[in-house]
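# Fold and contact review
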Amino acid sequence: MSMIKGIAASNGVAIAKAYKLETPDLSFETKKVEDVASEIKRLEAALDISKLELEKIKENARKTLGDEHAEIFSAHLLVLSDPELITPIEDKIKNESVNAEAALHDTATMFINMFKAMDNEYMRERAADIQDVTKRVMAHLLQVSFPDPALIDEQVVIIAEDLTPSDTAQLNKQFVKGFATNIGGRTSHSAIMARSLEIPAIVGTKTITEDVKEGDILIVDGIDGDVIINPTVEEIALYEKKQDNFAKQKQIWAKLKDEPTVSSDGTHVELVANIGTPDDVQGILNNGGEGVGLYRTEFLYMGNSDFPTEDQQFEAYKSVLEQMGDKPVVVRTLDIGGDKELSYLDLPHEMNPFLGFRAIRLCLERDDIFRTQLRALLRASAYGNLKIMFPMIATLNEFREAKALLLEEKANLVNDGVSVSDDIEVGIMVEIPSTAVIARQFAKEVDFFSIGTNDLIQYTMAADRMNERVSYLYQPYHPAILNLVNNVIEAAHAEGKWAGMCGEMAGDPIAIPILLGLGLDEFSMSATSILPARTQIKDLSKAEMASYKEELLSMSTADEVEAFIREKTNQ
Ligand code: PEP
Ligand code: MG
């Protein structure tokens, strides 16, 4: 047996065949052909099979992810039937007697470059569509297999360098039992998506794509972060037992599903969930969540081939609010950039995308995009308990500007006779150290804070959250982080506001006792972490944890903090 260690990103145990998700080598030679007619036939056959595949993918996406996600594939199908693209390829084969690969490549490249250069987002998006679909056709011409996560129809474990959020959005849980990647950390978006899909995942293995062959049998142990390649019968039995135990543990947690979250000495805290799409709400309800603490709206933009319209957004927000009834729903405005890209928004390449033009920075400059989202949110506010928060706030001016746009759009809607809720709380994510340091000043103006530790840790420690080489520096329990978190909570309380946390730290069993002691009001986590967290908090005394506060804040290292908490809470 060989075993590879990685970072446990989503718990559970999966046992299935490996499916390697790699872009194949699509290089080809330009050749002269004599039989032009049969070359055109070869092209037509590749187009036909690509269309059939896309139809199937579209149907899968529609069933598992909804109509919105499926639309991107309609656009791809249109490209393959578009005579403006196909005729020039055929003409090139006829007139220049070149092979179909060369004709396809040259013609597609010409269109891609032409569309990319246009000063119109819709056209630039066409370039991305052509690029995507011609790769598929090229793979068929070359007779190399083109991996397609949405086409998988048997039980597999996916192996990849990394999974983009849109790859992850195409995974069908019925067949994809887990995944393991070379890069990434616990807070990379593929890891977060795995937790919301509730499939075991391991990231940051560095070498899994080299170590595993297509079809190898794999065990993905998302509890301890191990991948076992081609296990023996005994090992399979051992891990099946682990799978069983995990299922039993889940049943014990499930007993607390309809209970409030109360510490052993009677303090109630709110346990809410992070979601990416309206479909994730079911997971919150199944796991006894008390609300939505972070709705990452960017997935609505990423699953689309163009900006979602105001009405499309309104429907999505309304659906989440209605499903949650009177429970709070904190919606974060668009946080694009960093590791989250939009194929149809052509932004210049940046040296440091995580420090670049993203989130609120982009929304304030492109206020057309921002206003559309704000209007959709305001219209949806009439259907539930909506709270709005802005991501990546670094200065008070950014918050003031964003809030002013919100109030302006609200006034416009009210003028038009649209009903808008009058008690929408407006808060910010605290994920930039400058904001955590002067949280007192912010607390006077915002209605609440939600601490985004995924980013706050990477910015405070100057350690990229995606980079496994520096993952040793990504230390949630570092006293610097604890002091910033404490500062934010104290600032909120001093002004009579509430403080939540929606970074992954909020669901971490070592962090939970600390955060309870620091007085955090709301813990927002992956839905599957809610019941284990509730079980843990039930046995913790808030007063006892609070009594350790000064000692913890003055510790020197993350290790000291972790050892202390392990000892005090028997972990
Ligand atoms: C965070 O930064 O902690 C956060 C919750 O936002 P995201 O993970 O989407 O960057
Ligand atoms: Mg963030």
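Residues numbered from 1 in each chain as written. Chains lettered and ligands numbered in written order. Predicted model: local features only at pLDDT ≥ 70, side-chain atom pairs only at ≥ 80, totals over all residues. Heavy atoms only, no water.

### Details of the overall build of the protein chain
Rule in force here: Counting from the N terminus, the helices are DSSP H or I runs at least four residues long and the strands are E runs at least two residues long. C-alpha atoms define the radius of gyration in this analysis, and the globule rule sets the expected value at 2.2 Å times the number of residues to the power 0.38. Relative accessibility thresholds used throughout: buried, under 20% of the residue-type maximum; exposed, over 50%; partly exposed, between the two (1.4 Å probe, protein chains only). Areas reported here follow the Shrake-Rupley algorithm with a probe of radius 1.4 Å; residue values treat only the protein chains shown as occluding. Only four residue types enter the tally: Lys and Arg on the positive side, Asp and Glu on the negative side; His and the chain ends are excluded. In plain terms, the charge of a residue is placed at NZ if it is Lys, CZ if Arg, CG if Asp and CD if Glu.
Regarding its fold elements, the protein chain presents 24 helices and 16 strands. Radius of gyration (C-alpha) of the protein chain: 25 Å, near the 25 Å computed for a compact globule of 571 residues. With respect to the three principal axes, the spread of C-alpha positions in the protein chain is 85 × 70 × 40 Å. Here the protein chain holds 571 residues, and 57% of them are scored as buried. When the accessible area of the protein chain is evaluated, it comes to approximately 23,900 Å², of which 50% is carbon and sulfur surface. The centroid of the 57 positive side-chain charges in the protein chain is displaced by 3 Å from the centroid of its 94 negative side-chain charges.

### Some points on the site of ligand 1
Heads up, the rule is: Near, as used in this document, describes a residue that has one of its heavy atoms within 4 Å of the molecule or strand being considered. Pairs of N or O atoms are called polar contacts if they sit within 3.5 Å, as long as, within protein, a hydrogen donor faces a hydrogen acceptor (for residues adjacent in sequence, only side-chain-to-side-chain pairs). Just so you know the grouping, Ala, Val, Leu, Ile, Met, Phe, Trp, Tyr, Cys and Pro go in nonpolar, Asp, Glu, Lys and Arg go in charged, and all remaining residues, Gly too, go in polar.
Neighbouring ligand 1 are 14 residues; Arg296, Arg332, Gly452, Asn454 and Arg465 lie closest to it. Taking glycine 452, its main chain carries an N or O atom lying 3.3 Å from an oxygen atom of ligand 1. Taking asparagine 454, its main chain carries an N or O atom lying 2.8 Å from an oxygen atom of ligand 1. Protein chains bury 100% of the 290 Å² of accessible surface belonging to ligand 1 in isolation. Per-element accounting of the shell around ligand 1 gives the leading share, three residues, to helix 18 (residues 453–461). Here the shell around ligand 1 is composed, by residue class, of three nonpolar, five polar and six charged.

### A look at the UniProt feature "coiled-coil region" (unreviewed entry) in the protein chain
Rules: UniProt positions are given in the numbering used here, feature names are shortened, and annotations may be inferred rather than shown by experiment.
The feature "coiled-coil region" (unreviewed entry), as given by UniProt, occupies residues 26–60 in the numbering adopted here. This span, residues 26–60, is 71% helix and 0% strand, and a straight line between its end C-alpha atoms measures 26 Å.

### Points about unusual backbone geometry
One non-glycine residue with positive phi stands out, namely glutamine 143, at about 55°. Secondary-structure assignment places glutamine 143 in the loop between helix 5 (121–142) and strand 4 (156–160). Given the relative accessible area of 74%, glutamine 143 is considered exposed. The phi torsion at glutamate 198 lies on the positive side, around 60°, for a residue other than glycine. Structurally, the position occupied by glutamate 198 is in the loop between helix 7 (189–197) and strand 6 (201–203). Glutamate 198 sits in the partly exposed class, given a relative accessible area of 31%.

### Things to note about a negative patch on the surface
Inclusion rule: Only residues whose relative accessible area exceeds 30% and that form no salt bridge enter a patch; like-charged residues are grouped when within 9 Å of one another, and nonpolar side chains (Val, Leu, Ile, Met, Phe, Trp, Tyr) when within 5 Å. When a carboxyl oxygen of Asp or Glu lies within 4 Å of a side-chain nitrogen of Lys or Arg, that pair is called a salt bridge.
Judged by side-chain charge, Glu22, Glu161, Glu210, Asp211 and Glu214 come together as a negatively charged surface patch. Here glutamate 210 shows up in helix 8 (residues 208–211).

### Some points on the sheet that holds strand 2 (residues 7–10)
The following threshold applies: When DSSP finds two or more bridges between two strands, those strands count as paired. Where helices are involved, their axes are fitted lines through C-alpha atoms of the stretch in contact, as for all axes, and angles between N-to-C directions lie from 0 to 180°. Contacts are assigned to residue pairs that have any heavy atoms within 4.5 Å of one another.
Pairing is mixed in the open sheet, where eight strands are placed in the order 1-8-7-3-4-5-6-2. Each having just a single partner strand, strand 1 (2–5) and strand 2 make up the two edges of the open sheet. Ignoring which end each strand starts from, the neighbouring axes of this sheet average 30° apart. Two strands pair when backbone bridges link them, and strand 3 (residues 13–20) and strand 7 (residues 217–221) are joined in this way by five bridges, in the antiparallel orientation. Residue valine 13 lies in a different strand from strand 7, and its bridge partner there is aspartate 221. Here helix 7 sits on the sheet and contacts strand 2, strand 5 (176–181) and strand 6; the angle it forms with strand 2, its principal contact strand, is near 45°.

### Topic: the coordination of the magnesium ion (ligand 2)
Going by this rule: A donor here means an N, O or S atom no more than 2.8 Å from the metal, or no more than 3.2 Å when the metal is Na, K or Ca. Since water is not included, a site may seem to lack partners.
At 2.0 to 2.2 Å from the magnesium ion (ligand 2) lie its protein donor atoms, namely Glu431 (OE) and Asp455 (OD). Taken as a pair, glutamate 431 in the loop between strand 13 (425–430) and helix 16 (433–437) and aspartate 455 in helix 18 lie far apart in primary sequence, 24 residues in all. Neither glutamate 431 nor aspartate 455 differs from the other in exposure class; each is buried.

### Quick notes on the pairing of strand 13
Definition in use: With the strands aimed away from the viewer, a crossover counts as right-handed if its path from the first strand over the helix to the second runs clockwise.
Of all six residues in strand 13, five are buried, a share of seventy percent or more. One ladder, built from four bridges, connects strand 12 (residues 385–390) with strand 13; its direction is parallel. Along strand 13, the bridge assignment pairs isoleucine 388 with valine 426. Each parallel crossover has a hand, and the one from strand 12 via helix 15 (residues 396–415) to strand 13 is right-handed.

### Structural notes on the packing of helix 19 (residues 479–494) against helix 20 (residues 511–518)
Packed helix pairs are characterised by how far apart their axes lie and by the angle those axes make with each other. Using the following cut-off: For a crossing to be left-handed, the near helix must be turned anticlockwise from the far one by less than a right angle; the clockwise case is right-handed.
Between helix 19 and helix 20, whose axes approach to 10 Å, the crossing angle comes to 35°. The interaxial crossing formed by helix 19 with helix 20 has right-handed handedness. Where helix 19 abuts helix 20, its residues Leu482, Val485, Asn486 and Ile489 lie against Ile514, Leu515 and Leu518. Taken together, the residues of the contact of helix 19 with helix 20 sort by class into six nonpolar, one polar and no charged.

### What about the environment of aspartate 416?
Of note, aspartate 416 is situated in the loop between helix 15 and strand 13. The spatial distance from the C-alpha of aspartate 416 to the C-alpha of alanine 563 is 59 Å, given a sequence separation of 147 residues.

### With respect to the sheet that holds strand 9 (residues 270–275)
The strand order around the closed barrel built from eight strands is 9-10-11-12-13-14-15-16, with neighbouring strands paired in parallel fashion. Recorded for the sheet is a direction-independent mean angle of 25° between the axes of neighbouring strands. Relative to strand 12, strand 11 (residues 328–332) is paired through five bridges, and the arrangement is parallel. Residue pairing for strand 12: proline 328 is matched across the bridge by asparagine 385. The strands touched by helix 21 (residues 527–538) are strand 9 and strand 16 (522–525); relative to strand 9, the strand with the most contacts, the crossing angle is about 165°.

### What about the pairing of strand 7?
Most of strand 7 is tucked away, with four of its five residues classed as buried. Note: strand 7 against strand 8 (residues 226–229), four bridges, orientation antiparallel. For isoleucine 219, the partnering residue across the bridge sits in strand 8 and is isoleucine 228. Counting the residues between successive antiparallel strands, the hairpin from strand 7 to strand 8 contains four residues, one of them, glycine 225, with a positive phi of roughly 80°.

### Here's the deal with the packing of aromatic side chains
Put simply, the rule is: Here a pair means two rings of Phe, Tyr or Trp (six-membered ring of Trp) with centres within 6.5 Å. Their orientation is stacked below 30 degrees between planes, edge-to-face above 60, and tilted elsewhere. We call a charge positioned over a ring when the NZ of a Lys or the CZ of an Arg lies within 6 Å of the ring centre and within 35 degrees of the ring normal.
Per the stated rule, a full pass over the model turns up ten aromatic pairs. Through pairs of rings, three or more aromatic residues link up here, namely Tyr301, Phe307 and Tyr344. Between lysine 318 and the ring centre of tyrosine 383, over which it is positioned, the NZ or CZ distance is 5.0 Å. The side chain of arginine 379 reaches across the aromatic face of phenylalanine 314, ending 4.3 Å from its centre.

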